[in-house]
Amino acid sequence: MSTLHLVRQSAFATNDFAQCLSVLDHQDSIVLMDDGCYNLKHSLMDSLIKRVDGTLSINVITRHAQARAIEISAAVQHIEMSDVVELTFNHTKVITWQ
Amino acid sequence: MTSSYTQEKNDLPPSNGLAIINSKAPFSSNHGKDALDVALIFGSFEQKVSLFFQGDGVYQLIADQDARLVSIKDYLKTFSAFEFYDIEDIYVCQQSLVNRQLEEKFHIGDVQVLSSIEFGLALNRHQHVLRF
C-alpha cells in the first residue's frame, strides 16, 4: 500500500505540508505542485531530505517551480504534469493536500 | 537619549492614506490581482496608497517569475506602473524574506525592506488598511 501525496499549498501559509509529512510512509511519493513548490525552501524540506532512504521519492513540477522563480534543486526529481498521471497508477491511493 | 527618540517617533505625522497589505502568493488565488486593482484605482483618483508585503505576499515581488508557464496572465508586470500612479511607498517585511530564504532581489525598484518593528510602525501610520 503506497500513497501519492500531491502537495499544493505553501507550508509558510498553511499547516498542510507538516500534516502530510506526519502521515508519510517510506514507500510513498510526494509531488510538489502549484504553491507547494515554495516548500522546497522550507525547513521542513531540509529534514525530509535527510530522512529520504532511497524508496521515498520527492518530485516537483518543473514549470510550476520555474514560474515562481524557485531554484531547481538537485535533491528532488523534476517532472511534468504528464508524469503525475503515471505516478497515480503506480500508487494505490492519492491524497491531495490543499 | 531614548526619550527624545520616542518623542520623534510619536511626532511623525499620521498619514491619512490607504495601506494595502499583500499576504498571499501570486499565482494560486486572485488576491494579488485584486489588491493591485484597488491600488491603481486609488492611485488614479490621486489618493495616497502605500503597499505592504508580508508573509507569502513577498513572493509577489520576487524577480524572474514567469506566470505564462502556468498559463496565468502576468499581472506582476503591471507593478512597474506604480510610479505613474504616484505609488511610491512600497514596504517589504524583512523577516518574511528571511524565513523563505529569499534574496532582496525584486522585479520593481524603490522597494523598502523593513524590519518587523519598522514594518509595524509604517503600517500604524495609516488610518485605513485593507488586507488581501
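Model, not experiment: these values are computed from the prediction. (Residues numbered from 1 in each chain as written. Chains lettered and ligands numbered in written order. Predicted model: local features only at pLDDT ≥ 70, side-chain atom pairs only at ≥ 80, totals over all residues.)

A.B. asks: Describe the overall build of chain A, and please don't skip the residues or the numbers.
C.D. replies: Scanning chain A from terminus to terminus reveals four helices and five strands. When its helices and strands are written in sequence order, chain A yields β-α-β-α-β-α-β-α-β. Expressed along its principal axes, the backbone C-alpha trace of chain A runs to roughly 35 × 25 × 25 Å. By the burial criterion, 37% of the 98 residues in chain A qualify as buried. (Helix = DSSP H or I, 4+ residues; strand = E, 2+ residues; numbered from the N terminus. Buried ≥ 20, exposed ≤ 12 C-beta atoms within 10 Å, placed from the backbone.)

A.B. asks: Which residues make up the confidence of the model for chain B, and what values do they have?
C.D. replies: All names here are of chain B. Per-chain confidence: chain B averages 90 in pLDDT, with 89% of residues scoring 70 or above. A low-confidence stretch, residues 1–8 (pLDDT under 50), is modelled with zero contacts involving residues beyond four sequence positions or located in other chains. Reported confidences for the modelled complex are a pTM of 0.88 and an ipTM of 0.87. (pLDDT = per-residue confidence, 0-100. Contact = placed C-beta atoms within 7 Å.)

A.B. asks: Tell me about helix 2 (residues 31–44) of chain B, and name the residues and values.
C.D. replies: All names here are of chain B. Spanning 14 residues, helix 2 covers 20 Å between terminal C-alpha atoms, matching the ideal 20 Å at 1.5 Å per step. Among all positions of helix 2, only Gly32, Ala35, Leu36 and Ala39 are buried. The buried residues of helix 2 occupy an angular sector of 100 degrees when projected down its axis, which confines them to one face. Of the exposed residues in helix 2, those oriented more than 90 degrees away from the buried face are Ile41 and Ser44. (Expected span 1.5 Å × (residues − 1). Arc of directions from axis to C-beta.)

A.B. asks: If you had to explain the interface of chain B and chain A to someone new, which residues and values would you point to?
C.D. replies: Taken together, the contacts link 17 residues of chain B with 13 residues of chain A. Counted by class, the side of chain B that touches chain A contains eight nonpolar, five polar and four charged residues. (Nonpolar A, V, L, I, M, F, W, Y, C, P; charged D, E, K, R; others polar.)

A.B. asks: With reference to specific residues and values, describe the sheet that holds strand 3 (residues 57–61) of chain A.
C.D. replies: Two strands in a sheet stick together by hydrogen bonds in their backbones, pointing the same way (parallel) or opposite ways (antiparallel). Residues and elements named next belong to chain A. The strand order across the open sheet formed by five strands is 4-3-2-1-5, and the pairing between neighbours is parallel. Two strands bound the open sheet, and with one partner strand each, they are strand 4 (77–79) and strand 5 (93–97). Going from strand to strand, the sheet's axes swing by 25 degrees on average, the running direction of each strand aside. Two strands pair when backbone bridges link them, and strand 3 and strand 4 are joined in this way by three bridges, in the parallel orientation. Across the sheet, residue Asn59 finds its bridge partner in strand 4, namely Gln77. Where helix 4 (residues 81–90) meets the sheet, it contacts strand 1 (3–7), strand 2 (29–32), strand 3, strand 4 and strand 5, and its direction lies at approximately 155 degrees from that of strand 2. (Pairing = 2+ DSSP bridges. Axes fitted to C-alpha atoms, helices over the stretch in contact; angles between N-to-C directions.)

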